[in-house]
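Working through the structure, step by step
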Amino acid sequence: MNQLLSRKRYILGFVGPAFLLFFAFALFPIAYNVWMSLFRTDLMSPSQWVGLENYKNLFEDRIFLTSLKNNLLMVVGSLLAHLPLALLLGNFLFHKVRGSQFFQSVFFLPCVVCGVAVGLTWTFIYNSQFGLVNSILDGLRAAGLKREWLSDEKTVMLAIIVVVMWQFVGYHMVIQLAAMRSIPAEMFEAATVDGASSWQQFKMITLPMIRPMIKVDAILIITGSLKYFDLVMAMTKGGPNHASEVMSTYMYTSAFRTLKFGYASAIANILLILCVVAILLSNFVFKSEKIEY
């Protein structure tokens, strides 16, 4: 095997096809998108070179700034909703409660449902006339809390974050649960013999041991929150009055409705930069030493 790997043509034969696919479907589209963001173009008439004007206009665009704020709000909301709840549910099921496999499947099920289907379903749940949320508030004699949840600029983003949490908390729970199950059982047995409580075991054993997986999960949550599209488009299409606009929906609108492909490319590049920054920050915040059992 060492002799085989020492021959560069064999290495190229193994790595070459994968690299070509990566170049064709990742590197080249990114490079082309960066190039196109320097033009004003609708892809049909001749393009006009504008340099960095598209980027300058973005940060003078009220709608884009609103979409950027909403994306950052979704990042914070998703982190606060997903990580603690996923850890809580994962730790609960980790201790082999009765029916843990059933509950694991139930919690995980929403994330395999199409985002459009989830969005349309929750649109009915939030309906101000016959929706489940307002009906429950009526039953609790709390009619004063009833809202037009998706038509009110003050509540629309909160409503969407609740749906995101409902759909994906099971996915992140399974990730945390898998990390917990990789911890040697002997560590918990020794802690139990020493008289450690469940909370002490969670704090001193579970959390430190799954820290690398928490980092990976945080990256998935942050980058996913920056790229949400189908759920928002199905529920609100960015409304009302762009109150729920996110960068992906605004990029779609700029490209396919107003035919500002150069402008949409600039939005896509800002989104890519934010994802890269989020990964770097997550690596810094969750940096940890190598775990040895």
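As the structure is a computational prediction, the values presented were derived from the model and not from experiment.

1. Examining the overall build of the protein chain
Along its length, the protein chain carries 14 helices and two strands. When its C-alpha atoms are laid out on the principal axes, the protein chain stretches across 75 × 75 × 30 Å. In the protein chain, buried positions account for 41% of the 293 residues. Taking all contacts inside the protein chain whose residues are at least 6 apart in sequence as the whole, residues at least 24 apart take part in 69%. Total accessible area computed for the protein chain in this model is approximately 17500 Å², and 68% of it derives from carbon and sulfur atoms. Here the protein chain contributes 23 positive and 16 negative side-chain charges, whose respective centroids are spaced 4 Å apart.

2. A short note on the UniProt feature "domain: ABC transmembrane type-1" (unreviewed entry) in the protein chain
Those residues carrying the UniProt feature "domain: ABC transmembrane type-1" (unreviewed entry) are residues 68-282 in this numbering. Taken end to end, residues 68-282 has its terminal C-alpha atoms 19 Å apart, with 73% of it in helix and 0% in strand.

3. Structural notes on the pattern of salt bridges
Side chains that differ in charge, positive against negative, can pair when their charged atoms come close. Under the criterion given, the structure shown has two salt bridges. A salt bridge links R40 to E53, with the nearest nitrogen and oxygen atoms 2.9 Å apart. Placement of the pair is R40 in strand β1 (residues 39-40) and E53 in helix α3 (residues 53-58), with a sequence separation of 13 residues. In this structure, the salt-bridge partner of D138 is K146, at a minimum N-O distance of 3.2 Å. Residue classification places D138 among the partly exposed residues on the basis of a relative accessible area of 39%.

4. Quick look at the UniProt feature "transmembrane region" (unreviewed entry) in the protein chain
Taken from the UniProt record, the annotation "transmembrane region" (unreviewed entry) applies to residues 12-35, 72-94, 106-125, 156-179 and 261-286. Helix and strand shares over residues 72-94 are 100% and 0% respectively, and the end C-alpha atoms of the span are 32 Å apart. Here residues 261-286 is 96% helix and 0% strand, with 37 Å between the C-alpha atoms at its ends.

The rules behind these values
- Residues numbered from 1 in each chain as written.
- Predicted model: local features only at pLDDT ≥ 70, side-chain atom pairs only at ≥ 80, totals over all residues.
- Heavy atoms only, no water.
- Helix = DSSP H or I, 4+ residues; strand = E, 2+ residues; numbered from the N terminus.
- Buried < 20%, exposed > 50% of the residue type's maximum accessible area, 1.4 Å probe, protein only.
- Contact = heavy atoms within 4.5 Å.
- Areas by Shrake-Rupley, 256 points an atom, 1.4 Å probe, with all protein chains shown as cover.
- Lys, Arg positive; Asp, Glu negative; His and termini not counted.
- Charge placed at Lys NZ, Arg CZ, Asp CG, Glu CD.
- UniProt positions renumbered as here; feature names shortened; annotations may be inferred.
- Salt bridge = Lys/Arg side-chain N within 4 Å of Asp/Glu carboxyl O.

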